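Each chain, written out:
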Amino acid sequence: MEPALNKADIEAKINQIKSFIEVDGTNPHLFINLGDLYHKISKNDEAEDCYLKSLKLSDSPVAQSRLGLVKISKHQFQDAENIFNKVIKTEEGESSTLIFNLALAQYHLMKWGRALKNFIKAMDNGVSETACLPHISRCYRHLYDFKSAKENCISWLDKTNSADAKGYLALLEMDSGNSAEANKLAYEVLKADPDNADAGIVIGTHLVEEHDILKARNQFNRIIKNENLNARALFGLGLTHMYEQEHAKALQYMEQGSSMIPNDTGMKVAIGWAKVNIQDLDGAEKVFMETIQINRKFPEGHGGLAYVLALKAKMHQAKESMEMAFSLDPDSFSASAAKSVIIGYEQNLDESTKYLSNVLESPQGPGQKSMMEHLEIYMKNHPPQKDKTDSE
């Protein structure tokens, strides 16, 4: 195995190959070799230019593949997918590396199903499990198959014992509603790797739930400092501002995070409720409708829509959405909130108050606080301010 080259060594080799090209400027392999060296030091435009010059001399699958990799480095993922599809069709035998690179482009294009199929195919054809399993687990998560996501993440963890695998497992446990296990894993990861983003998101979210907003904000900001486009950290930062009633800033961060993962229904629903909170019922209705279009089996999308429709006195539609939510999850919080509004609208105010009280006092999940407990903590942390017009 050749020793890794430092930047000075690579630049020396670049100059050497340039001198060869001056003598033999029609050799396509020299341009490929030069492009590879540029790519190693992240001079992606120069690398792309070399591969294109090679392709003008010879339409080589090798040059095409290298061009696809540069397109990935430049975040031109659609171009990369097109290139790898073309090369795979022209190759007599499908290269496992080509299939992996195609899957990588599709992953970044958020084509989760296609990417998953190709990552599995690449792994079956010889690409290492440690290269494929992280992507396979994440694809399953984006497809809302949490069971398969966890199974593959555990395999990844078993093979690597890495903080990245354990941190992502913590995130999957949180997304599956297993808060206690998620927090336990995340704290273990952060002791060894304080900058682990997935574990940091778990703990940041936990701190929001515990109403420790300053620590939560610090946690999310730490992640964003290292990964300024981390969608879930930006979203979490938005939640901390929502807690402080800074609605415009909250929605700015939440919507920025959601725009990076537009099919994440959990983010969508939270934005819907944020809009309800500022009485933007039309905006909330639109967001809940978008959530349902993404995943028609997500109960909180239907329940949130039912609540908004009930507030807008569209009772027939509200009941339909509420019934759909309850059919998917008999304990749906948002559907229960909608039901309390519907009961009150039908003039049974005592029954509505009783029902809402039961909803607020019920835990939101195993090991989680009830909404009433959250409200009590919030009021303790935000005591009523004395009106400035009051006499001293």
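Structure's up top.
Parameters and conventions
- Residues numbered from 1 in each chain as written.
- Predicted model: local features only at pLDDT ≥ 70, side-chain atom pairs only at ≥ 80, totals over all residues.
- Heavy atoms only, no water.
- Helix = DSSP H or I, 4+ residues; strand = E, 2+ residues; numbered from the N terminus.
- Buried < 20%, exposed > 50% of the residue type's maximum accessible area, 1.4 Å probe, protein only.
- Areas by Shrake-Rupley, 256 points an atom, 1.4 Å probe, with all protein chains shown as cover.
- Axes fitted to C-alpha atoms, helices over the stretch in contact; angles between N-to-C directions.
- Parallel < 35°, antiparallel > 145°, perpendicular 65-115°, else oblique.
- Left-handed = near helix turned anticlockwise from the far one by under 90°.
- Contact = heavy atoms within 4.5 Å.
- Nonpolar A, V, L, I, M, F, W, Y, C, P; charged D, E, K, R; others polar.
- Salt bridge = Lys/Arg side-chain N within 4 Å of Asp/Glu carboxyl O.
- 1 Å grid on protein atoms, 1.4 Å probe; cavity = no way out; pocket = protein on both sides within 12 Å on 5 of 7 lines; lining within 4 Å.
- Points joined across faces, edges and corners; volume = space filled by probe spheres on them.
- Expected span 1.5 Å × (residues − 1).
- Polar contact = N/O pair within 3.5 Å; in protein donor to acceptor, adjacent residues only side chain to side chain.
- Phe/Tyr/Trp six-rings, centres within 6.5 Å; stacked < 30°, edge-to-face > 60°.

Overview of the overall build of the chain
- Counting secondary structure elements, the chain contains 22 helices and 0 strands.
- Here the chain, with 392 residues, has 47% of them falling under the buried criterion.
- Counting every atom, the chain has about 20900 Å² of accessible surface; 50% of that belongs to carbon and sulfur.

Considering the packing of helix α16 (residues 265-277) against helix α18 (residues 299-311)
- Packing of α16 against α18 leaves a shortest axis separation of 10 Å and a crossing angle of 15°. As the angle between them shows, α16 and α18 are arranged roughly parallel. The handedness of the crossing between α16 and α18 comes out as left-handed. Residues Val-269, Trp-273 and Val-276 of α16 form the contact with α18, whose own contacting residues are Glu-300, Gly-301, Gly-304, Tyr-307, Val-308 and Leu-311.
- Grouping the constituent residues of the contact of α16 with α18 by class yields 6 nonpolar, 2 polar and 1 charged.

Remarks on the pattern of salt bridges
- In this structure the tally under the stated criterion is 23 salt bridges.
- The salt bridge involving Arg-222 is made with Asp-195; its shortest N-O contact spans 2.7 Å. Taken together, the residues Arg-222 in helix α13 (residues 213-226) and Asp-195 in the loop between α11 (179-192) and α12 (197-209) connect sequence positions 27 residues apart.
- A relative accessible area of 40% means that Arg-222 is categorised as partly exposed.
- Its relative accessible area of 39% is what places Asp-195 among the partly exposed residues.

Quick word on the environment of Met-254
- Tracing the sequence through the fold places Met-254 in helix α15 (residues 247-260).
- On the basis of relative accessibility, which here comes to 1%, the residue Met-254 falls in the buried class.
- With 16 residues separating them in the primary sequence, Met-254 and Gly-238 have C-alpha atoms 5.0 Å apart.
- With residues up to four places along the chain from it excluded, the contact list for Met-254 reads Leu-234, Phe-235, Gly-238, Leu-239, Met-242, Ala-270, Ile-271 and Ala-274.

Re the layout of surface pockets
- Reported here for the second largest pocket is a volume of approximately 1000 Å³.
- For the second largest pocket, the lining is made up of 28 residues, of which Tyr-107, Arg-138, Leu-229, Ala-231 and Ile-261 are closest to its centre.
- Looking at the lining of the second largest pocket, the elements that each hand over two or more residues are α6 (96-108), α8 (129-142), α10 (163-175), α12 and α14 (231-243).
- Considering every element that reaches the lining of the second largest pocket, the biggest residue donor is α8, with 5 residues.

As for α12
- Here α12 is 13 residues long and its end C-alpha atoms lie 18 Å apart, about the 18 Å a rise of 1.5 Å per residue gives.
- Of all 13 residues that make up α12, 12 are buried, and the element is covered over most of its length.
- Residues of α12 that are buried include every one of Ala-197, Asp-198, Ala-199, Gly-200, Ile-201, Val-202, Ile-203, Gly-204, Thr-205, His-206, Leu-207 and Val-208, and no others.
- Each element contacted by the buried residues of α12 is listed here: α8, α10, α11, α13 and α14.
- Residue Asn-196 occupies the N-cap position of α12, its side-chain oxygen lying 3.3 Å from the main-chain nitrogen of Asp-198.
- Of the residues trailing α12, His-211 is marked for its positive phi of about 65°.

Some thoughts on the packing of aromatic side chains
- Inspection of the entire model under this criterion finds 7 aromatic pairs.
- With a centroid separation of 5.2 Å and an interplanar angle of 75°, the aromatic rings of Tyr-107 and Trp-112 are classed as edge-to-face.
- Under the relative-accessibility criterion, Tyr-107 is labelled buried at 13%.
- Consider the rings of Trp-273 and Phe-288, whose centres lie 5.9 Å apart with planes at 70°: the pair is edge-to-face. Taken together, the residues span a long stretch of sequence, with Trp-273 in helix α16 and Phe-288 in helix α17 (residues 281-294) at a distance of 15 residues.

Here's the deal with the packing of α6 against helix α7 (residues 112-124)
- Closest axis-to-axis distance for the α6/α7 pair is 8 Å, and the angle between their directions is 160°. By the angle class used here, α6 and α7 are roughly antiparallel. Crossing angle aside, the handedness with which α6 passes α7 is left-handed. Note on element contacts: α7 touches α6 through Trp-112, Arg-114, Ala-115, Asn-118, Phe-119, Lys-121 and Ala-122, opposite Ser-96, Ile-99, Phe-100, Leu-102, Ala-103, Leu-104, Gln-106 and Tyr-107.

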